[in-house]
Amino acid sequence: MWIKPEEVLLANALWVTERANPYFVMQKRKGYGGGGLTGLLVGTLDTVLDNKTYPYRILHQTPESEVSYTVALAGNKRDISKDWEWLEQNLMQTLVSFDSEDEATEFVKCKIESLLANHVILKKDEETEKFLTATKKFRKLFNMPNEEKLVNYYSCSYWKGKVPRQGWMYLSVNHLCFYSFLLGKEAKLILRWTDITKLDRGNNMLFPDSVKVSTRDGDHFFSMLLHTKETYRLMEQLANMAMKQLMQEGGFEEDRSLEERTRKKTSKKISSLKRDLDAKARSEAYRTAFCLPGQEKLDGDEECTLWTPYNKQHVWGKLYLSNNYICFASRVRHLVTLIIPMRDILLVEKVDNSVSGNLINHALLITTKGKVSFTFSQFENRNFILEKISDLLSRQQSPKRTESVSSEVHGVVDDGNEEFQPALISLFCRRDSDELSPKETVKQHLWDVHFSEFGRGMCIYRTYRTLELILKGIPDKYRGEIWMVFSGAANEMQTHPGYYADIVQQSRGKCTIATEEIERDLHRSLPEHPAFQTDLGIGALRRVLTSYAWRNPNIGYCQAMNIVTSVLLLYLSEEEAFWLLTAICERLLPDYYNTKVVGALIDQGVFEDLIKEYLPSLHQKLDTLGLLSMISLSWFLTIFLSVMPFSCAVNILDCFFYDGAKVIFQVALAILDSRSDLLLACAEDGEAMTVLTAYLENVANRDSTMPRVDRTDISSTKKADEFTVDVTDLIEDSYRKFGIISNQDIDKLRLKYRLRVVQTIEDNLMKNILRSVQMDTLFRGKELEEIYILFKEEYLTSCYWRTHQQPADTGDKYDPSRPYYDNYKVEFDQWKTMFFGLSPWATGSEAGVLALRSFRFLDTNKDNMINFKEFVYLLGVMCKADFNQRLKLLYMLHQPPALCPEDTEETPTSPKSDSTESALEAADFFEEQYESSSKEDFELPSAPEFNPVKTAPLPIPAMPREKVGQPGSLPLSSSKEESTSPLVLGGGDRKDTESPKSFGSYGSLARLSARKLKADSKEDFKNMPRLDQFQFIQLWKTLYNMFSNHEQEQQLYHSIATIGTLLLQIGEVGKRFMLKSESGDSFILMEPDLTLSSSTDSHHDISASACNIETDLSDISADSTGKSTETATACANETDVTADQPGSQQTSNLEASSHVSSSESQQSGMISSSSSKPDSDWSISFEQFLASMLTEPVLVDFFEQTYDVTDAVSHMRNKRLLTRQNSPLEVL
């Protein structure tokens, strides 16, 4: 590219001249493509400092001047050569005509500047040129496709042993990469975020201010980071996203709408992805702080003051704006918080005078539909905030409310004639009391006063006084309302009118696993309360649980949900209980109630960390007893409702809905702290559990209006004279001792422990998958584990970079009803990539055809996906099975459903839907894009050139989906008919057997083929379907390609040519017998010599049978016209002559032989097809194929050789680390 001419005093320092003329010099920087020691030093310096020096430049210089001018720069030789050619063609003749060198120099400067003025450079808004260059370098260094997005990169040192290597850390959406180039030696490291098990920050003498990244294979240390905190936070965020992807919660999706909101406050040197991730993190913190719906995105914030009428003060804080809410939080924690929904705003206006008449600066007055006003002042840019609020208000859509969801009308009837219940506590009288107790009356009065002073509903001023009232307990009259407001569930209910009634209607009558589990647990939910001893309460509970399971099938139903929901229904209407349950499962306690209770396991780790920090002596004791995992799950899943009387646990719920998840940890720590002396004295876990159980059972609520129901089960340990503790005292004690814990601290610890929990679940899943397939594959131990890891990586790679939606189901990955091996599936592109890399049969130009037929053979349900069990089964047969099994597989791969009717002499098509190239193939060979596209050209130090080596055949064209798996015209014969049918040498009646023109149901054929492949007995050999001439030709094509580049290639070609001739003769003789029987002479050959023994018989006996076949055929051919023998001899001779020509040329001999045999049959008066098509009456059996193959020792040796795929798997996993340069590569 042309640049404004700049002076250069030392033209040859660190540069090498490549081309020169009297006025211009083209130079290349040392260190790019060699250059000895000086080049190594320059290349190392450029890499470490990352000075972004272009490797090529053009200087303008005159013979007598010592000053040169840089006029052009380029990142590759092709671009700089274009500029050089332009200069020679357009300027050289003009420069010669100048009288002085100064005039020539001025002319060059003006010409270059005019070129720059005419050349409009379009600046990219997303990333700066510097970041684009780093992205190109990242993709070229690590063989990453364009779909892999770089987030940021940092200079750092990687410690290998005690030696640091200075280089660059690249953080992309799916990988952590490191590259170092020092003194001519490269070092690369690629880690998937999904493989990382732990992230830690450290600061010690050996690794000062370092980041430790742990995987299953070892630890990696990075130090000397300029922005350690920022780097670590970004690494945590990317790793957390990867864990969510493993749990099938969705990976990263770039949000373009955040770009405009964050660009003004973010450095332009940061990539758009980095800005996006930062904005996502801020939005998530914003939603957590104000309990807002999950789709809210923070638009911006501004410092201001809020006028608080209850104490007549201006409170400094920050105003937050999002799509649907205006929120305010004071600088002082818990001083005041305010949430104003946009849907409730009536008017926003500027004001300059306060209510008291005092002058206020830059104020805005917001009035709600409830006639409540809020005054914000001291804005730095009031007009901008006003315009922003007005814009957000203009986008609001008023939801259409329906009568069926009015929370003010009890007993609403839906379309199914079922009555929606109000709060059940209003229908069932309190026991032993017809009037409110004095304490309850006082509570209600205090809340009435509070409402009048601080407001009511979503726009209430939330202050420390609100928290004080909640700690004392909420009166039953207001409990449901306050739960809905402070949990944020009221927002979701008001923005989704009619949703609950609709989902109840949709889920009615549907039977799923979740509904069956719900029915079993309905009568176990709070059975001591009269509300759930009648159909009213049970029906309401059933509807709420079933509706939520229908809304969120990934969670469905978890046993603890029935206990929580039953308590919610006491104080809330059905619809309110549904939305509050939604808030608990999806926002307040995320991932708690999925199949593996991942969220509860994560919080179990968080709880252990908090015990270690706040109760260190008790932590050591509980860890020794193994008690931590036993108590945390039961406490957290039901929010203490299952371990203490629910009349006490509802007070904990009061605080939980106001302050979030931190309350659970505070109360749990307070319980352990109060019993610490007794727990430290315990000698075993049973004794410690007894101590905790007794404490929880004796928790009481002096202010409760509910009758106390003592537990009467066997596990109850309460004694009549034992102490009791009031739940209010317990909660206040937890706030006093552990109130310093914040929800932000909990979220940080959750990020830390999510890695450990998810990776532990993945390890257990791997063990279960390997255990479930070990009876169906010949791989064992470490080899099977390595194959599984590769298979999983291929699946995840598809999730990363697939441009079209996978046709896989999206159910819960950990659904216990699914087989373990069905959790990961791959499509044809990924199967073909692994087939090329691992299968010993993937050789020659037709390897892609065999990969396609293998895929069809495995894809029994025709969903274009295969699971791990199917994969390792087939690969195990190819690599480690005995001779008979491998030949049976090869035989079945050339019959339906592997061989489709659409397959012709041309290359068959693959079962792909949208793309024609697999993601991994694109990754393997994407360097071609750099060679063909000037935009992606970027040369690296010591990289003069790179020649990619292609090891896989060309991709197969995509097949239309509708052609895969269509049933044929004739049905498949039953297994009973097959087992009783005699062996007919000539093929017998072809109506009940498969042919290229009549295929049965593909699904049935595939399952039948799999059973026949696994079977290995004499009777099973007889029942194998026969091979017609078209299938035989395809089989021999496969064999010719399979033997290409083998060390015994010529011997193998000679052997299959001989066997091919023999089998053609056998098929011809069999066809004559079949035609003779059709003409009236019934002739069914049941020669005992033709019946082969099972796989347990010796090869000697089978070979003897094959010799008898040859002898019988020679006798039969002697009585015939003799033309078959002549034809076969000619075919054999021709095959021997051309045996050194592998591939498709060899197969032409077989086709010619079949054509000659066909014409010979016509001369004998037999019915046959045209010589240009395969003979439809010709066929051979598997027994004949197997016996013929056994006559050639070189073929027996080839198909009995076993293969260890460990090295091939390792090569595939590390293929991105293959060097692209001539310098030595060190894999870190």
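Quick caveat: nothing in here was measured; it's all calculated off a predicted structure.

### Considerations on the confidence of the model for the chain
Of all residues in the chain, 70% attain a pLDDT of 70 or more, and the chain-wide mean is 76. This stretch, residues 262–268, has a pLDDT under 50; its non-local contacts, to residues over four places away or in other chains, come to 8 contacts. Counted against residues more than four places away or in other chains, residues 941–1010, with its pLDDT under 50, gives 158 contacts.

### What to know about the nonpolar core
Residues F376, Y593, W635, L672, F868, W1036 and F1199 are the most contacted members of the largest nonpolar core, which totals 277 residues. When residues in this core are grouped by element, the largest group, 12 residues, is from helix α27 (residues 743–773).

### Focus on a nonpolar patch on the surface
There is a patch of nonpolar side chains on the surface, built from V332, L335 and Y464 and spanning about 270 Å² of accessible area. By the element assignment, L335 lies in the loop between β15 (325–330) and β16 (337–341). Owing to a relative accessible area of 32%, L335 belongs among the partly exposed residues under this scheme.

### Topic: the packing of aromatic side chains
Per the counting criterion, the structure on display carries 55 aromatic pairs. Consider the rings of F656 and F657, whose centres lie 5.3 Å apart with planes at 55°: the pair is tilted. Here F656 falls in the buried class, since its relative accessible area comes to 0%. When its relative accessible area of 1% is taken as the criterion, F657 is described as buried. Ring geometry for F791 against F871: centres 5.2 Å apart, planes inclined by 45°, an arrangement best described as tilted. One end of the pair, F791, is in helix α28 (residues 781–801); the other, F871, is in helix α31 (residues 868–880), and 80 residues separate them in sequence. Grouping residues by exposure puts F791 and F871 together as buried. Through a chain of ring-to-ring contacts, three or more aromatic side chains come together here, namely Y788, F791, Y795, Y824, W831, F835, F836, F868 and F871. One residue, R57, lies across the ring of W15, its end atom 4.1 Å from the ring centre. Cation over ring: R479 sits above Y571, and NZ or CZ is 5.2 Å from the ring centre.

### A word on the sheet that holds strand β1 (residues 2–8)
In space, the 5 strands of this open sheet follow the order β1-β5-β4-β3-β2, with antiparallel pairing throughout. Of all strands in the sheet, those with a lone pairing partner are β1 and β2 (15–20), marking the two edges. With direction set aside, neighbouring strand axes in the sheet form an average angle of 35°. As defined by bridge partners, strand β3 (residues 24–29) adjoins strand β4 (residues 56–60) across 5 bridges and the pair is classed as antiparallel. Looking across to β4, one finds that Q27 is bridged to R57. Packing of helix α2 (residues 77–90) onto the sheet brings it into contact with β1, β2, β3, β4 and β5 (68–74), and relative to β4 it is tilted by some 20°.

### Digging into a negative patch on the surface
Where like charges cluster on the molecular surface, the negative patch consists of D99, D102, E103, E106 and E113. With respect to the element layout, E103 can be found in helix α4 (residues 101–118).

### Here we look at the pattern of salt bridges
In total, this model carries 41 salt bridges according to the counting rule given. Residue R750 is joined to D603 by a salt bridge in which the shortest nitrogen-to-oxygen separation is 2.8 Å. Here R750, found in helix α27, pairs with D603, found in helix α19 (residues 598–614); they are 147 residues apart in sequence, far enough to count as distant. Of the two residues examined, R750 and D603, each falls in the buried class. Across the pair R1213 and E786 runs a salt bridge, and its minimum N-O distance is 3.6 Å. Residue R1213 is found in helix α45 (residues 1206–1213), and its partner E786 is found in helix α28; the two are separated by 427 residues along the sequence. Overall, the relative accessible area of 28% leaves R1213 in the partly exposed class.

### A look at the pairing of β15
With respect to burial, β15 is a largely interior element, 5 of its 6 residues being buried. Of the strand pairs in this sheet, strand β14 (residues 313–322) and β15 are connected by 5 bridges, and their pairing is antiparallel. Its bridge partner lying in β15, L321 is registered against I326. Between β14 and β15, which follow one another and run antiparallel, lie 2 residues. Pairing analysis gives 5 bridges linking β15 to β16, with the strands arranged antiparallel. Bridge pairing in β16 links C327 to I339. Counting the residues that bridge the hairpin from β15 to β16 gives 6 residues, and of these H334 lies at a positive phi of roughly 70°.

The rules behind these values
- Residues numbered from 1 in each chain as written.
- Predicted model: local features only at pLDDT ≥ 70, side-chain atom pairs only at ≥ 80, totals over all residues.
- Heavy atoms only, no water.
- pLDDT = per-residue confidence, 0-100.
- Contact = heavy atoms within 4.5 Å.
- Core = buried A, V, L, I, M, F, W, Y, C linked by side-chain atoms within 4.5 Å.
- Buried < 20%, exposed > 50% of the residue type's maximum accessible area, 1.4 Å probe, protein only.
- Helix = DSSP H or I, 4+ residues; strand = E, 2+ residues; numbered from the N terminus.
- Patch = residues over 30% accessible without salt bridge, like charges linked within 9 Å, V, L, I, M, F, W, Y side chains within 5 Å.
- Areas by Shrake-Rupley, 256 points an atom, 1.4 Å probe, with all protein chains shown as cover.
- Salt bridge = Lys/Arg side-chain N within 4 Å of Asp/Glu carboxyl O.
- Phe/Tyr/Trp six-rings, centres within 6.5 Å; stacked < 30°, edge-to-face > 60°.
- Lys NZ or Arg CZ within 6 Å of the ring centre and 35° of its normal.
- Pairing = 2+ DSSP bridges.
- Axes fitted to C-alpha atoms, helices over the stretch in contact; angles between N-to-C directions.
- Lys, Arg positive; Asp, Glu negative; His and termini not counted.
- Charge placed at Lys NZ, Arg CZ, Asp CG, Glu CD.

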